[in-house]
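Residue-level listing of the chains:
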Amino acid sequence: MGKEQDLGSLVLTEEAAAYLKTRYEKEGIASKDGVYELRFGVAAGGCAGWEYVLEPYERAREGDSEFFFSDFGVRISVDERSFQFLQGLPNGDIEFVHF
């Protein structure tokens, strides 16, 4: 595995950050002062009843937790309800895996 940045509750790998940036650029989503912003959430659906939702966002909402991965120029916002689901991620990692 390559470089990663650990912020305690959440870990972002270099590969995941690179994928996010490439995806945003292909979709024409601009960074804000060199920072790519992503919202992490959960929604009803999927086989287990929940699915992870990752989407661009304009600004954090009241009650959101924000994680700024300065090594990669990525900010991730997580709403209060979804924050508990971070505990269910393996090692709290957000990793890009290509199938």
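The sections below set out a description of the structure shown in this document. (Residues numbered from 1 in each chain as written. Predicted model: local features only at pLDDT ≥ 70, side-chain atom pairs only at ≥ 80, totals over all residues. Heavy atoms only, no water.)

**What about the packing of aromatic side chains?**
Move 1: Applying the stated criterion to the full structure yields two aromatic pairs.
Move 2: Plain terms: the ring middles of F67 and F83 are 6.1 Å apart, the flat faces sit at 0° to each other, and that makes the pair stacked. Within this pair, whereas F67 is found in strand β5 (residues 65-69), its partner F83 is found in helix α2 (residues 80-86), the two being separated by 16 residues in sequence.
Move 3: Taking NZ or CZ as reference, R39 lies 5.5 Å from the ring centre of Y57, over its face. (Phe/Tyr/Trp six-rings, centres within 6.5 Å; stacked < 30°, edge-to-face > 60°. Helix = DSSP H or I, 4+ residues; strand = E, 2+ residues; numbered from the N terminus. Lys NZ or Arg CZ within 6 Å of the ring centre and 35° of its normal.)

**Describing the pairing of β5**
Move 1: Note: β5 against strand β6 (residues 74-78), five bridges, orientation antiparallel. Across the sheet, residue E66 finds its bridge partner in β6, namely S77.
Move 2: Once β5 ends, the chain turns through four residues before running back antiparallel as β6, passing G73 with a positive phi of about 70°. (Pairing = 2+ DSSP bridges.)

**Topic: the pattern of salt bridges**
Move 1: Going through the model one piece at a time under the given rule, you end up with four salt bridges.
Move 2: In this structure, E27 engages R23 in a salt bridge whose closest nitrogen and oxygen atoms are separated by 2.7 Å.
Move 3: By relative accessible area, which is 46% here, E27 ends up partly exposed.
Move 4: Classification of R23 by relative accessible area gives partly exposed; the value is 40%.
Move 5: A salt bridge links E37 to K32; the shortest N-O distance between them is 3.0 Å.
Move 6: The class for E37 is buried, based on a relative accessible area of 11%.
Move 7: Under the relative-accessibility criterion, K32 is labelled partly exposed at 33%.
Move 8: Each of K32, E37 and R75 takes part in salt bridges that share partners, so that together they form one network. (Salt bridge = Lys/Arg side-chain N within 4 Å of Asp/Glu carboxyl O. Buried < 20%, exposed > 50% of the residue type's maximum accessible area, 1.4 Å probe, protein only.)

**A look at the side chain of S77**
Move 1: Tracing the backbone through its elements, the reader meets S77 in strand β6.
Move 2: A polar atom in the side chain of S77 sits 2.8 Å from the side chain of D64. (Polar contact = N/O pair within 3.5 Å; in protein donor to acceptor, adjacent residues only side chain to side chain.)

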